[in-house]
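Residues per chain, in single letters:
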Amino acid sequence: MIYTVIKAIFIAFAVGIRNIFKKRMTLRYPEEKLEIDSGYTFDYKTDTGSPGFKGRHILYTDKCTGCSLCAIACENIADCIDMVRVEGNWPINERSIMPQIDYGRCVFCGFCVDACPFDCLFMTPEYELSVTDKRKLVHTPFQLAVFPEKKGTVKLVPGKRGAHHD
Ligand code: SF4
Ligand code: SF4
């Protein structure tokens, strides 16, 4: 019995000492942030998706036709896209409707991106979406049209899991 306890303590110390010399994989968020280069895109011509990060969407309002295919794709998943009217002159969008996304319900599956046949809805590396008022989780087309700021201090090391510090 006493032998088993001593052995367990020794193993616990050995594991701890071994890991002291390993590089840390976790980040001190929010002081440290992961630098992510690209978001998820889909090429409808070749029917292939890119391996990018699935964060907040980017909407190219000048290319959106208001076809609603993104909203239809989302209907049976999270039903979080509403087609809303937008002010302005949109030559290829007769009804002036564009997607508005509720991030309180979005599951970041990317199906809406796959469904867009006009190359105007993609995903970005923006993952900081928390707010204190859940109504602010509803992003209007104009909010979706803004490119997120590039953030991040820690890069991923190719071939390794997680974030590694230099
Ligand atoms: S990524 Fe979000 S908005 Fe797009 S289909 Fe999935 S749940 Fe809907
Ligand atoms: S984002 Fe794409 S799929 Fe959605 S309404 Fe605009 S053109 Fe259609």
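An account of the accompanying structure is given in this report. Note that the structure is predicted; figures quoted are calculated from it, not measured.

Quick look at the state of the cysteines
Line of reasoning, step 1. Taken as a whole, this structure holds 0 disulfides when the rule is applied.
Line of reasoning, step 2. The thiol of cysteine 120 is not disulfide-bonded; the next cysteine sulfur, from cysteine 116, is found 3.5 Å away.
Line of reasoning, step 3. The exposure class of cysteine 120 is buried, given its relative accessible area of 3%.

A short note on the packing of aromatic side chains
Line of reasoning, step 1. Applying the stated criterion across every chain yields a total of 5 aromatic pairs.
Line of reasoning, step 2. Taken together, the ring pairs connect Tyr60, Phe122 and Phe147 into an aromatic cluster.
Line of reasoning, step 3. Cation over ring: lysine 54 sits above tyrosine 40, and NZ or CZ is 4.5 Å from the ring centre.
Line of reasoning, step 4. Geometry around tyrosine 60 places lysine 63 over its ring, the cationic atom sitting 5.5 Å from the centre.

So, the site of ligand 1
Line of reasoning, step 1. Neighbouring ligand 1 are the residues His57, Cys74, Ala78, Cys80, Ile81, Cys106, Val107, Phe108, Cys109, Gly110, Cys112 and Met123.
Line of reasoning, step 2. For the shell around ligand 1, the residue count by class is 10 nonpolar, 2 polar and no charged.

A look at the site of ligand 2
Line of reasoning, step 1. In the vicinity of ligand 2, 13 residues are found, and the nearest of them are Cys64, Cys67, Ser68, Cys70 and Cys116.
Line of reasoning, step 2. Grouping the amino acids of the shell around ligand 2 by side-chain chemistry returns 10 nonpolar, 3 polar and no charged.

Quick look at the pattern of salt bridges
Line of reasoning, step 1. For the structure shown, the criterion picks out 2 salt bridges.
Line of reasoning, step 2. Of the charged contacts, one joins lysine 33 and glutamate 128 as a salt bridge, the two residues approaching to 3.4 Å between their closest N and O atoms. Of the two residues, lysine 33 sits in the loop between α1 (2–20) and β1 (34–35) while glutamate 128 sits in the loop between β7 (121–123) and β8 (138–139), which places them 95 residues apart along the sequence.
Line of reasoning, step 3. For glutamate 128, a relative accessible area of 22% gives the class partly exposed.
Line of reasoning, step 4. Residue arginine 135 is joined to aspartate 133 by a salt bridge in which the shortest nitrogen-to-oxygen separation is 2.9 Å.

Some words on the nonpolar core
Looking at soluble globular proteins, one finds that nonpolar side chains tend to be buried together.
Line of reasoning, step 1. In terms of nonpolar packing, the biggest core is built from 27 residues, with Ile81, Ile101, Tyr103 and Val113 touching the most fellow members.
Line of reasoning, step 2. At the level of elements, β4 (57–59), α2 (69–75), β6 (97–102), α3 (111–115) and β7 are the ones that each hand at least two residues to this core.
Line of reasoning, step 3. Setting aside chain neighbours within four positions, we find tyrosine 103 in contact with Arg56, His57, Phe108, Leu129, Leu137, His139 and Leu144.

Describing unusual backbone geometry
Line of reasoning, step 1. Following tyrosine 29, the chain continues to proline 30 via a peptide bond in cis, the omega torsion being 10°.
Line of reasoning, step 2. On the secondary structure map, proline 30 appears in the loop between α1 and β1.
Line of reasoning, step 3. Of note in this structure, serine 68 is not a glycine but carries a positive phi near 75°.
Line of reasoning, step 4. Locating serine 68 in the fold gives a position in the loop between β4 and α2.

Cut-offs applied
Residues numbered from 1 in each chain as written. Chains lettered and ligands numbered in written order. Predicted model: local features only at pLDDT ≥ 70, side-chain atom pairs only at ≥ 80, totals over all residues. Heavy atoms only, no water. Disulfide = S-S within 2.5 Å. Buried < 20%, exposed > 50% of the residue type's maximum accessible area, 1.4 Å probe, protein only. Phe/Tyr/Trp six-rings, centres within 6.5 Å; stacked < 30°, edge-to-face > 60°. Lys NZ or Arg CZ within 6 Å of the ring centre and 35° of its normal. Near = heavy atom within 4 Å. Nonpolar A, V, L, I, M, F, W, Y, C, P; charged D, E, K, R; others polar. Salt bridge = Lys/Arg side-chain N within 4 Å of Asp/Glu carboxyl O. Helix = DSSP H or I, 4+ residues; strand = E, 2+ residues; numbered from the N terminus. Core = buried A, V, L, I, M, F, W, Y, C linked by side-chain atoms within 4.5 Å. Contact = heavy atoms within 4.5 Å.

Coordinates in, geometry out; function isn't part of it.
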